[in-house]
Amino acid sequence: MKETVRGNYAYLDVLRVLSAFLVVMVHNSACFHKMNTVSLGTWLHADYLESFATICVPLFFMISGALLLKKDIEPLTFYKKRLQRIIIPTLAWSLIYIGSRTYPEFNPNDVFSSIFMSLLREEHYHLWYMYALFGAYICIPFMSRLLSGSDFPGVRLLVLFTALWYLFCSVFPTANNVSKQVFDIPVEPNFRLSFFQDALGYIALGALLNRAPLHIRYRNVALVCLLVGYGVVVWGNYWAKSEMGTQTMLFGYYNPFVVIIACATFYLFRYTLNSKKSGKMLQFLASLTLGIYLCHPLVMTQLLRIELMRELYSSNFIVLRTLVTFLISGVLTYVIMKMPVVRRIV
């Protein structure tokens, strides 16, 4: 998460900053999809923005795959270096959100039980990502062996893994959701491959796309996939809302079309920025992204206490609220990073 992307990987720094901004946009627009009282026009405006932003978390996972799934890794060394970077921020921010939720009734005597419970469940809606990343990190040293050296059979196995992940963790769940909502008929198979953790597919996709050849034909295919994917998601949600009153039918980080959009976006940025190096400002912004992800819900909550921001609580101001939240979260992250001990939580 924290490495600065160097060399010919400037596109990963750009994607990291973009993903952090889109995460904030998702959380600023998602509320309108849960409101039955908003007009169709308001709902559609939020739909466009959230459809555009849903690739945020998939891109985060793919960036991790591109950075980490490149060579043979000694598991114990990897775990010692990586897992503490997940565990410490997760526990710290779980306690912060526990405190913010229960303040001023928060009892310091409950701190140890709160820490224990934070190990068992995410204490805030966005912290699920840290738990998913924790599971993915456990598997990465073993997945990386498939890509060590120039072992073509290993690459084929990783492609097979990714194909099965797409089928069982993306296509089947989405088809089941659509079929139940439209026809009231479930189509999900009676078995599930539970070991196919959702994040691992994006981890593998990031590694594969980072190694994929760059060609103008592939770029054109990616551009078509991007436009078609967005069109299907936006139109599908509009149809479900206008015809059936369903709030969100094709949303979700593992929707088949979201997977396609994320892959197309990843490849297009790599194609465009592959030969460019990260500047100091880009490296600096990329270093703030984990902290922005962790603290932005707290910032959003505090902004709603300001009368002006409450007046901007409309679908017409989603982008503005997103920008304000992103900037304040970035400043807060920077301040935390300058504190000797506390900086480990971002």
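Within every chain, residues take consecutive numbers counted from 1 along the sequence as written. A pLDDT threshold of at least 70 governs which residues receive local features in this predicted model, and a stricter bar of 80 or more applies before side-chain atom pairs are shown or counted, although totals over entire chains, interfaces and linings include all residues. Hydrogens and waters are ignored; side-chain quantities use all the structure's heavy atoms.

Caption draft 1: Quick peek at the environment of Asp13. The topology assignment puts Asp13 in helix α1 (residues 10–33). When accessible area is computed with a 1.4 Å probe and restricted to protein chains, residues below 20% of their type maximum are described as buried, those above 50% as exposed, and intermediate ones as partly exposed. Judged by relative accessible area, Asp13 falls into the buried class, the value being 0%. Along the backbone, Asp13 and Gln283 are 270 residues apart, and their C-alpha atoms lie at a distance of 6.7 Å. A run of DSSP states H or I qualifies as a helix once it reaches four residues; a run of E qualifies as a strand once it reaches two. Both are numbered from the N-terminal end.

Caption draft 2: A look at the nonpolar core. Side-chain atoms within 4.5 Å are what join buried Ala, Val, Leu, Ile, Met, Phe, Trp, Tyr and Cys residues into a set we call a nonpolar core. In terms of nonpolar packing, the biggest core is built from 86 residues, with Phe61, Met62, Trp93, Tyr202 and Phe266 touching the most fellow members. What Trp93 contacts, discounting residues up to four positions off in sequence, is Leu127, Leu294, Cys295, Leu298, Ile336, Ile345 and Val346. Residues count as neighbours in contact if any of their non-hydrogen atoms are within 4.5 Å of one another.

Caption draft 3: The arrangement of helix α12 (residues 289–303) in detail. Every helix has an expected span of 1.5 Å times one less than the residues it contains. Over its 15 residues, α12 runs 20 Å from end to end, which matches the ideal 21 Å to within 8%, given 1.5 Å per residue. Axes are fitted to the seven residues ending at a residue and to the seven starting at it; the angle between these axes is taken as the bend at that residue. Bending of α12 peaks at approximately 45° at the position of Cys295, with proline Pro297 no more than four residues after it. The buried fraction of α12 is high, at 13 of 15 residues.

Caption draft 4: Structural context of the confidence of the model for the protein. Across the protein, the average pLDDT comes to 80, with 76% of residues at 70 or higher. Scored from 0 to 100, pLDDT reflects the predictor's confidence in each residue. Residue range residues 1–7 is modelled with pLDDT below 50. Its contacts to residues more than four positions away, or to other chains, number 25 contacts. Of the regions scoring below 50 in pLDDT, residues 190–196 engages in 7 contacts with residues more than four places distant in sequence or in other chains.

Caption draft 5: Structural detail: the packing of helix α8 (residues 198–211) against helix α10 (residues 256–273). Here an angle of 0 to 180 degrees is reported between the N-to-C directions of two axes, which are lines fitted to C-alpha atoms, with helices fitted over the stretch in contact. At a closest axis distance of 10 Å, the pairing of α8 and α10 adopts a crossing angle of 35°. In this structure, α8 meets α10 at a crossing whose hand is right-handed. Across the interface between the two elements, Tyr202, Leu205, Gly206, Leu209, Asn210 and Arg211 from α8 touch Val258, Val259, Ala262, Cys263, Phe266 and Arg270 from α10. Each residue is assigned to one of three groups, with Ala, Val, Leu, Ile, Met, Phe, Trp, Tyr, Cys and Pro labelled nonpolar, Asp, Glu, Lys and Arg labelled charged, and all others, Gly among them, labelled polar. Looking at side-chain class alone, the contact of α8 with α10 contains 8 nonpolar, 2 polar and 2 charged residues. Handedness of a helix crossing follows the sense of rotation of the near helix relative to the far helix, less than a right angle counterclockwise being left-handed and clockwise being right-handed.

Caption draft 6: Highlighting the environment of Arg344. Structurally, Arg344 can be placed in the segment after α14 (318–337). The exposure class of Arg344 is partly exposed, given its relative accessible area of 48%. Each C-alpha atom, one on Arg344 and one on Ile86, is 10.0 Å from the other, the two residues being 258 residues apart in sequence. Not counting residues within four places of it along the chain, the set of residues in contact with Arg344 comprises Gln84, Ile88 and Pro89. The definition of a polar contact used here is a pair of N or O atoms within 3.5 Å, where within protein one atom must be able to donate a hydrogen and the other to accept one, and adjacent residues in sequence count solely through side-chain atom pairs. At 3.2 Å, the side chain of Arg344 and the side chain of Gln84 are in polar contact.

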